Amino acid sequence: MGQRKTEIQNLNLLTPFLLFLIQRTSRDFSFDGLFGNLVNELLPSFPEEEDDSSEAHAGNDILPNGTARIPYDASKSAQGPLFPEVDALLSLFKDSCRELVDLQQQIDGKLYNLKKEVSIQDSKHRKTLAELEKGVDGLFDSFARLDSRISSVAQTAAKIGDHLQSADAQRETASQTIELIKYLMEFNGSPGDLMELSALFSDDSRVAEAASIAQKLRSFAEEDIGRQGIAVPSVVENATASRGLEVAVANLQDYCNELENRLLSRFDAASQRRELSTMSECAKILSQFNRGTSAMQHYVATRPMFIDLEVMNADTRLVLGDPGSQVSPSNVARGLSSLYREIIDTVRKEAATIMAVFPSPNDVMAILVQRVLEQRVTGLLDKLLVKPSLVNLAPMEEGGLLLYLRMLAVAYEKTQELARDLRAVGCGDLDVEGLTEALFLAHKDEYPEHEQASLGQLYHAKMEEMRAENQQLSESSGTIGRSKGASVASSHQQICYCGYRVCALE
């Protein structure tokens with residue numbers, strides 16, 4: 001029993017190792033090779049007898065399993081078996097082989113069962129997947145039908161919404177029309193009677209709404225009167241309606257004038273306090289009356305540089321100097337440069353206010369710049385460029401016609417610079433260059449006559465000077481010759497500049 005127990009323990013120890021070898025060499029495994037290797041490792045080594053007989057039989061010392069055969073010693077075989085443990089090992093190996101075969105069969109059976117179970121589960125899984133695919137396809141079809149129905153409902157809802165929006169717009173229009181007719185009936189009373197109007201037309205907090213409604217009523221009444229004028233005048237109803245709307249139009253015009261004056265007064269008060277927000281509100285409301293032209297013109301006309309006489313007198317003193325002083329082109333050029341710079345600065349400041357107040361700033365800037373050129377610049381040029389008489393020429397001691405031509409050239413050049421600066425600041429659609437040219441149009445038309453007269457005056461003055469020199473030097477002929485040569489040389493120094501430049505003697 002002890003020996004059997006030992007064999008079982010040895011078998012248990014060898015089983016994992018044998019299983020490992022079977023797994024590693026499952027394809028080319030051989031029990032003979034395994035046992036031969038084990039025997040060679042366990043058996044002791046004996047010296048081989050090197051004799052001819054052994055060499056002759058060397059080719060037959062290889063076992064079928066590839067293990068070398070151990071030489072047999074007859075003398076020692078008589079003493080007993082060389083390896084007494086071989087039988088035990090052989091029986092152990094046989095038992096191990098049987099157990100291994102049984103294990104293999106068990107494992108093969110389990111593998112077969114597992115494969116069969118996996119095949120069954122795979123079939124079920126495939127069947128389930130097929131059912132799921134059919135279900136998913138059905139869901140997609142359901143979703144497609146649902147999406148189609150949702151699109152159809154959405155289109156129907158959109159159509160209904162459009163109809164509702166159109167109906168609401170028509171209802172709103174009808175409601176506004178009813179309100180306008182009610183207000184129109186209020187204005188259709190006695191001519192000039194504005195006392196029985198609704199509170200809307202007297203509430204200062206609803207001035208914008210009142211102005212909008214008044215403009216709509218007046219447009220509607222005027223349009224209806226135009227249609228009644230085209231209709232047959234023999235119809236009594238049309239004539240009665242026309243007379244009634246004419247009264248309404250007259251009352252509406254009076255109310256609009258009164259409202260416009262009220263807004264202009266509020267605009268002026270806000271302008272004095274520099275309340276730009278109130279000014280902007282009034283300007284937006286006034287834009288409904290004649291596109292705000294009255295408000296724009298009123299604002300420009302009330303600027304200090306157009307209504308303050310002291311400003312105009314200061315302009316004259318800056319350019320022409322004090323009364324009675326001698327005017328020179330250089331002083332006039334400096335004065336015009338200073339004055340025009342001041343005008344540009346003033347216009348630039350006004351432009352900032354106009355941009356913040358008026359809804360149409362370019363139109364206001366055009367009116368402002370036009371007023372500057374037509375009033376302030378024109379008033380100064382009228383005093384500066386007084387047309388000289390071609391009959392009674394100014395004496396050369398006072399500058400003659402040459403002084404006028406030089407003044408004209410200086411004024412034209414500086415005013416052109418002013419026009420370019422005004423264009424840079426901003427003047428809307430105003431043709432500021434063309435307007436500047438128009439300021440000098442009368443002087444340009446008569447310029448050739450004044451230029452010729454000035455040349456003639458300069459010629460006569462030079463001739464008088466030469467005669468005086470010749471009379472003083474008549475005592476000596478040589479001196480007279482030199483005097484004539486000098487006078488002729490000086491006459492060649494006369495330079496004539498065409499256009500707006502001047503003819504001068506250097």
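Please refer to the structure placed before this passage.
So, how was this worked out
- Residues numbered from 1 in each chain as written.
- Predicted model: local features only at pLDDT ≥ 70, side-chain atom pairs only at ≥ 80, totals over all residues.
- Heavy atoms only, no water.
- Helix = DSSP H or I, 4+ residues; strand = E, 2+ residues; numbered from the N terminus.
- Buried < 20%, exposed > 50% of the residue type's maximum accessible area, 1.4 Å probe, protein only.
- Polar contact = N/O pair within 3.5 Å; in protein donor to acceptor, adjacent residues only side chain to side chain.
- Salt bridge = Lys/Arg side-chain N within 4 Å of Asp/Glu carboxyl O.
- Axes fitted to C-alpha atoms, helices over the stretch in contact; angles between N-to-C directions.
- Parallel < 35°, antiparallel > 145°, perpendicular 65-115°, else oblique.
- Left-handed = near helix turned anticlockwise from the far one by under 90°.
- Contact = heavy atoms within 4.5 Å.
- Nonpolar A, V, L, I, M, F, W, Y, C, P; charged D, E, K, R; others polar.
- Patch = residues over 30% accessible without salt bridge, like charges linked within 9 Å, V, L, I, M, F, W, Y side chains within 5 Å.
- Areas by Shrake-Rupley, 256 points an atom, 1.4 Å probe, with all protein chains shown as cover.

Examined against the element boundaries, Arg376 turns out to sit in helix 13 (residues 361-384). Judged by its relative accessible area of 8%, Arg376 falls in the buried class. Here Asp315 takes part through its side chain, which lies 2.8 Å from a polar atom of the side chain of Arg376.

The subject of this paragraph is the pattern of salt bridges. Summed over the entire model, instances satisfying the criterion amount to 17 salt bridges. Between Glu446 and Lys387 there is a salt bridge; the shortest N-O distance is 3.5 Å. Taken together, the positions of Glu446 in the loop between helix 16 (441-445) and helix 17 (447-472) and Lys387 in the loop between helix 13 and helix 14 (400-425) put the pair 59 residues apart, joining distant regions of the chain. Using a relative accessible area of 34% as the deciding quantity, one classes Glu446 as partly exposed.

For the pair helix 14 and helix 17, interaxial distance at closest approach is 8 Å and the crossing angle is 140°. The angle between helix 14 and helix 17 places the two elements in the oblique class. Crossing handedness for the pair helix 14 and helix 17: left-handed. Every residue of helix 17 that contacts helix 14 at Gly400, Leu401, Leu402, Tyr404, Leu405 and Leu408 is listed here: Tyr447, His450, Glu451, Ala453, Ser454, Gln457 and Leu458. Class assignment of the residues belonging to the contact of helix 14 with helix 17 gives a composition of 8 nonpolar, 4 polar and 1 charged.

Here we come to a nonpolar patch on the surface. The grouping of Val136, Leu139, Phe140, Phe143, Leu146 and Ile150 at the surface amounts to a nonpolar patch, some 610 Å² of accessible area in total. If you trace the backbone, Ile150 turns up in helix 5 (residues 86-187).

Right, let's talk about the packing of helix 12 (residues 329-357) against helix 13 for a bit. With their axes 11 Å apart at the nearest point, helix 12 and helix 13 run at an angle of 160° to one another. Overall, the two elements helix 12 and helix 13 adopt an arrangement that is roughly antiparallel. Like other packed secondary-structure pairs, helix 12 and helix 13 cross with a definite hand, here right-handed. Here Val332, Leu336, Leu339, Tyr340, Glu342, Ile343, Val347, Glu350, Ala351, Ile354 and Met355 of helix 12 lie close against helix 13, whose contacting residues are Pro361, Val364, Met365, Leu368, Val372, Arg376, Val377, Leu380, Leu381 and Leu384. Within the contact of helix 12 with helix 13, the residues separate by chemical class into 18 nonpolar, no polar and 3 charged.

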